[in-house]
Every structure is written in structure tokens, then in C-alpha cells.
Amino acid sequence: MTEKQTRPSKLHWLASFRHGPTLALLAIIALFALLDWQYGSGRFFSPRNARVIVNSAALIAVPALGMTMIIIAGGIDLSAGTALTLSGTALAIAFRDYTIPADQAGAATWIAAALALGLGVGILCGLINGLIISLTEMVPFIVTLGTMTIFLGLGQVIADESTVYPESGHLPDWLRYLCYTGSNSDHYWLGFLHVPSSALIAIVLGLMVAAVMHFTVFGRNVIAIGSNASTARLCGIRVGVTTALVYALAGVFVAVGALLYFANVKNGNPSDGTGKELEIIAAVVLGGGSLSGGRGSVLGTIIGALIIKTISSGCTMLSIPNTYTHIIIGVIIIIAVLIDGLRNGAPKWLFDRLR
């Protein structure tokens with residue numbers, strides 16, 4: 001009997017990690033609900049807090065959907081955070097300088113132009129990453145590390161190193177209430193359900209990504225490239241073109257994420273993006289995405305974003321400083337990566353002992 005035939009029977013318990021992200025989320029919710037009931041204000045398990053968590057998770061989940069495709073393709077994008085705030089800053093400048101009050105005639109044209117500018121900046125950032133990686137065959141980590149600082153610098157230049165505040169009257173109502181979490185039913189797309197509009201956008205985009213990955217040739221090519229780029233090339237897949245398209249598509253999700261972030265804070269600050277890429281990548285990893293490529297899921301990514309924001313909210317309710325929140329999330333990320341390694345047969349010394 002071969003080595004590969006013996007491994008599944010002896011390490012069958014690893015299959016239980018398949019539903020790990022969902023079980024982890026439920027356990028975290030139960031833990032913080034209990035701790036908050038015992039030691040906190042008792043507001044963690046409330047409808048209002050649930051809406052706040054869902055809205056905050058959507059702000060991570062949307063750009064993380066693009067990151068999911070990148071990671072499945074075997075890449076990484078460290079510039080996602082600064083690209084997001086660069087796109088958001090461009091959007092804020094467009095609304096501040098090139099739009100008119102939303103209730104005036106002709107305002108829709110200028111609003112559409114501002115939105116197109118923000119979307120175009122996000123796509124351009126992703127396309128630049130994809131073209132550099134494809135044409136030079138450089139390591140994505142290095143390329144996006146460089147573009148991360150470039151996008152940050154560009155954002156600071158166009159914002160004159162300050163926060164951009166557009167006039168409130170220039171923003172249409174649908175944009176101002178896109179991340180609304182209050183109790184007024186009129187400000188929700190589904191007034192009877194009180195689910196933040198940002199979360200509905202994340203769900204729709206998630207369904208679209210899942211459909212692309214499961215039912216199109218492009219999706220299968222992305223998985224093949226992430227599993228083994230050399231084999232994919234031998235099978236006739238245009239690895240360079242597909243990689244560039246993946247990063248450009250991820251730029252679309254970065255741009256939509258920028259729109260949601262802008263709707264949430266009502267300003268554009270290019271420095272806010274520093275560190276966001278880690279939350280975006282963490283959502284994918286916590287959701288079961290493999291940094292080795294070839295594996296990841298839309299549902300897992302959304303659950304990963306919910307895990308991060310549930311921990312953050314729970315710590316806030318218990319008056320735990322943000323520094324400890326970062327430590328907790330960091331530990332959970334390491335555990336998630338460790339589990340991913342176990343699925344792939346690492347560390348070797350452990351599996352040698354278990355055989």
C-alpha cells in the first residue's frame with residue numbers, strides 16, 4: 001500500500017476542519033455573548049450590534065472577494081488597502097470639486113462621472129499589478145509591496161496630504177445611507193429586513209464571484225494556475241493573460257470596497273489604507289483560502305470577514321483595548337494557516353510520526 005493511500009485513513013480527523021470557519025464563527029459569537037452578558041453591557045447580542053458587525057464585515061468582504069480570486073490563482077496583493085483608499089480619495093475629490101448639489105438638475109451626470117472615476121482608479125491599480133506580474137514574472141509579494149507604497153504616495157499627493165471632505169449635499173441619499181445601521185426602515189433597501197445595503201452588495205457580488213469560479217472556463221483556469229502554473233501552461237492556459245485579468249477584476253472589488261468605505265466615513269483619507277490589506281488577506285485565510293494557491297471559497301471569505309469584525313466588536317463591548325484585539329486576531333490567523341498546512345501534509349516531521 002502506498003504512502004498516499006495510508007494517509008487519508010490515519011489522518012481522517014483533518015476532514016473535520018472543512019467546516020472550521022463556520023464552527024469558529026459560531027463559537028466566537030457564543031463566547032463573546034456569554035462574556036458580554038456576564039461582564040459587559042449586554043448589548044453584544046442585540047439587533048443593532050449585529051447590523052454594525054455585518055456592515056463592518058461587508059467593508060472587508062467586498063475587496064476580499066477579489067483577493068480570494070488572487071489567492072486561488074496563487075498570488076497575493078499587498079497593495080489592496082492603499083489602492084482602496086486611493087480610489088476612495090479620488091472619489092471624495094470628485095464629489096468635492098466636480099459635482100453639484102444632488103437635488104439640482106443635471107447632478108446625476110456629475111455623480112455618475114465621479115463614481116466612474118473611483119471605479120476606474122481601482123481597476124487601473126489592479127491592472128497595473130497584473131501587468132507587472134505577468135510581463136516581468138516577478139514575485140507578486142514584491143510587486144504589490146512596491147505598488148502599495150506607490151498608491152499610498154499618489155493618494156497623499158492628490159489629497160495634498162490631508163483628508164478630503166465633500167459637501168454633504170453633493171452626496172445622493174442612496175450613497176449617504178449605503179452603510180446605514182440605525183432603526184429607520186426608510187434608509188434600508190429592504191425596509192422590512194433592516195439588513196445594511198452594504199451587506200446586500202457583498203452578498204450579490206459574492207454570488208457573482210462564486211458563479212464565475214464554478215461555472216466558467218475562466219474560473220477553472222484560475223484554479224488550475226493556482227494549483228500548478230507550469231502544468232496549466234502545458235495544458236494551453238494563457239497564464240499571463242489570466243493572471244492580469246484576475247488582478248484587474250480584483251481592482252473592481254477594491255473600487256466597490258472604496259465606495260462602501262467612502263459611504264461609511266463620508267471622506268477620503270489616503271493614509272487610512274495602511275494595514276487594511278492585512279484584514280483583507282486575513283479574511284480569505286480565515287475562510288479556508290490557501291496561501292499556496294488553488295483553494296479558497298467565497299462563503300469562507302465572507303465568514304472570515306465576519307470572524308474578524310465579531311472579535312473586534314466583542315472586544316469593544318468588553319472594553320478590551322484594540323492592541324489585544326490585534327493580538328487575538330493574529331493568533332487566530334496563525335492557527336488558520338497551521339490548519340492549512342496540516343491539510344497539505346506539513347509539518348513533515350509530524351506526519352512522519354503519525355504514519
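Residues numbered from 1 in each chain as written. Predicted model: local features only at pLDDT ≥ 70, side-chain atom pairs only at ≥ 80, totals over all residues. Heavy atoms only, no water.

### Digging into the UniProt feature "transmembrane region" (unreviewed entry) in the chain
The criterion, for reference: UniProt positions are given in the numbering used here, feature names are shortened, and annotations may be inferred rather than shown by experiment. Secondary structure counts use DSSP, requiring at least four H or I residues in a row for a helix and at least two E residues in a row for a strand, with both numbered from the N terminus.
Under the local residue numbering, the UniProt record ascribes the feature "transmembrane region" (unreviewed entry) to residues 21-40, 52-71, 107-132, 139-159, 199-218, 239-260, 280-308 and 320-339. Secondary structure across residues 199-218 comprises 95% helix and 0% strand; the distance between its end C-alpha atoms is 26 Å.

### A few points about the nonpolar core
Generally speaking, nonpolar side chains in soluble globular proteins are found buried as a group. Which entries qualify depends on this criterion: Residue types Ala, Val, Leu, Ile, Met, Phe, Trp, Tyr and Cys, when buried and joined through side-chain atoms within 4.5 Å, form a set referred to as a nonpolar core. We call a residue buried when its accessible area falls under 20% of the maximum for its residue type, exposed when it is over 50%, and partly exposed in between, using a 1.4 Å probe and counting protein chains only. Contact criterion: two residues are considered in contact whenever any of their non-hydrogen atoms come within 4.5 Å of each other.
Counting 40 residues, the largest nonpolar core has Phe95, Leu175, Leu178, Val209, Val222 and Phe262 as the members making the most contacts within it. Sorting the residues of this core by element identifies α3 (47-72), α4 (80-97), α5 (107-136), α8 (197-215), α9 (217-227) and α11 (239-265) as the ones contributing at least two each. With eight residues, the top contributor of residues to this core is α11. Those residues in contact with Phe262, other than ones at most four positions away along the chain, are Gly88, Leu91, Ala92, Phe95, Pro166, Leu171, Leu175 and Asn267. Grouped together as the second largest cluster of nonpolar side chains are 32 residues, Phe32, Ile281, Val285 and Ile329 included.

### Description of the packing of α5 against helix α6 (residues 140-158)
Worth spelling out the cut-off: Throughout, an axis means a line fitted to C-alpha atoms (over the contacting stretch in the case of helices), and angles, computed between N-to-C directions, take values from 0 to 180 degrees. By the definition used in this description, the sense in which the near helix is turned from the far one sets the handedness, with an anticlockwise turn below a right angle giving left-handed and a clockwise turn giving right-handed. Classification convention: Asp, Glu, Lys, Arg as charged; Ala, Val, Leu, Ile, Met, Phe, Trp, Tyr, Cys, Pro as nonpolar; all other residues, Gly among them, as polar.
At a closest axis distance of 10 Å, the pairing of α5 and α6 adopts a crossing angle of 145°. Viewed along their axes, α5 and α6 form a crossing whose handedness is right-handed. Packed against α5, whose contacting residues are Cys125, Asn129, Ile132 and Ile133, the element α6 presents Pro140, Val143, Thr144, Thr147 and Phe151 at the interface. Its residues assigned to classes, the contact of α5 with α6 shows six nonpolar, three polar and no charged.

### Here's the deal with unusual backbone geometry
The phi torsion at Glu161 lies on the positive side, around 55°, for a residue other than glycine. As for its position among the elements, Glu161 is in the loop between α6 and α7 (173-176). Residue class for Glu161 comes out exposed when judged on its relative accessible area of 70%. We note that Ser319 has phi near 60°; this positive angle belongs to a residue other than glycine. Within the secondary structure, Ser319 is located in the loop between α13 (298-317) and α14 (322-343).

### A look at α13
The criterion, for reference: How far a helix is expected to stretch is found by multiplying one less than its residue total by 1.5 Å. Within 3.5 Å is the distance limit for a polar contact, defined as a pair of N or O atoms, with the added protein rule that one can donate a hydrogen and the other accept it, and that residues adjacent in sequence qualify only through two side-chain atoms.
Between its first and last C-alpha, α13 extends 29 Å over 20 residues, near the 28 Å set by a 1.5 Å rise per residue. Among the 20 residues that make up α13, 15 are buried, leaving the element largely enclosed by the rest of the structure. At the N-terminal end of α13, a side-chain oxygen is found 2.9 Å from the backbone nitrogen of Gly300, two or three residues along, and the residue is Ser297. After α13 finishes, the residue Ser319 shows a positive phi value of roughly 60°.

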